[in-house]
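Observations on the model geometry
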Amino acid sequence: MRTLFLNMTMSLDGYVAGPNGELDWMTTAHDAELTADIVAQLRRADEGFIGYPTAEPMIHYWASVAQDPKASHASRDIAEAVATMHTFAVSRSPEQLGVPNAEVLVASDDAALTAAVAEIKKRPGRDLGLPGGVRTARTFARLDLIDEYVFLVEPVALGAGQRLFTTHTPLTPVATKSYRCGITRLVYRPIRPATR
């Protein structure tokens, strides 16, 4: 079965966004080693999930970065890895998407979303990505759909904000890596009952 991994930037005190969804605290410039690790992680996946309506502007943004000759080499590498991933835009109702290589995944409730993700995990292919988006990531975490958490911890404390986890979620550490830019990469997997 395919692994579904979440990539998410987090503050040192555990917030993934400011109180009103602010992301301006993510200011650390990535070094070459971190960029290479992010690209390698993204290339593990050939499909991924993004919440609707975030999906369309995010796909357009990364497609434009991939084609922008003024963008840094690192940004273009990340953009190309994101742009080649087939995207499922998760929505509770049917919607139209005006972007290539994407489709709307209609899941009217938690049970429908759980069933749809389980079916997609059984399909052949590489791993599945979840490149962030607070609401969608929080829902996937609450429903125990994520098999691997990859956190990029910025060297900043917010003091208040939005958290990823809303329920007790036991995790086991898999890997830790620090980068010259000050970011630390933490990888965890959920601890699940053996019967699952």
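All values derive from a computational prediction rather than experimental measurement.

Conventions we followed
- Residues numbered from 1 in each chain as written.
- Predicted model: local features only at pLDDT ≥ 70, side-chain atom pairs only at ≥ 80, totals over all residues.
- Heavy atoms only, no water.
- Axes fitted to C-alpha atoms, helices over the stretch in contact; angles between N-to-C directions.
- Helix = DSSP H or I, 4+ residues; strand = E, 2+ residues; numbered from the N terminus.
- Parallel < 35°, antiparallel > 145°, perpendicular 65-115°, else oblique.
- Contact = heavy atoms within 4.5 Å.
- Nonpolar A, V, L, I, M, F, W, Y, C, P; charged D, E, K, R; others polar.
- Pairing = 2+ DSSP bridges.

Points about the packing of helix α1 (residues 32–43) against helix α3 (residues 73–83)
Remark: α1 packs on α3, axes separated minimally by 9 Å, with the N-to-C direction vectors making an angle of 10 degrees. It follows that α1 is roughly parallel to α3 by the angle criterion. Contacts from Thr35, Ile38, Val39, Leu42 and Arg43 in α1 reach Ala74, Asp77, Ile78, Ala81 and Val82 in α3. For the contact of α1 with α3, a count of residues per class yields seven nonpolar, one polar and two charged.

Description of the sheet that holds strand β3 (residues 86–91)
Read from one edge of the open sheet, eight strands run β4-β3-β2-β5-β1-β6-β8-β7, paired in mixed fashion. This sheet does not close on itself; its edge strands, each paired only once, are β4 (102–106) and β7 (171–178). Ignoring strand direction, the axes of neighbouring strands in this sheet form an average angle of 25 degrees. Inspection of the sheet shows strand β2 (residues 45–51) paired to β3 by five bridges, in the parallel sense. The residue bridging Glu47 from the neighbouring strand is His86, located in β3. In the packing of helix α2 (residues 55–67) onto the sheet, the strands contacted are β2, β3 and β4, and the crossing angle to β2 comes to about 135 degrees.

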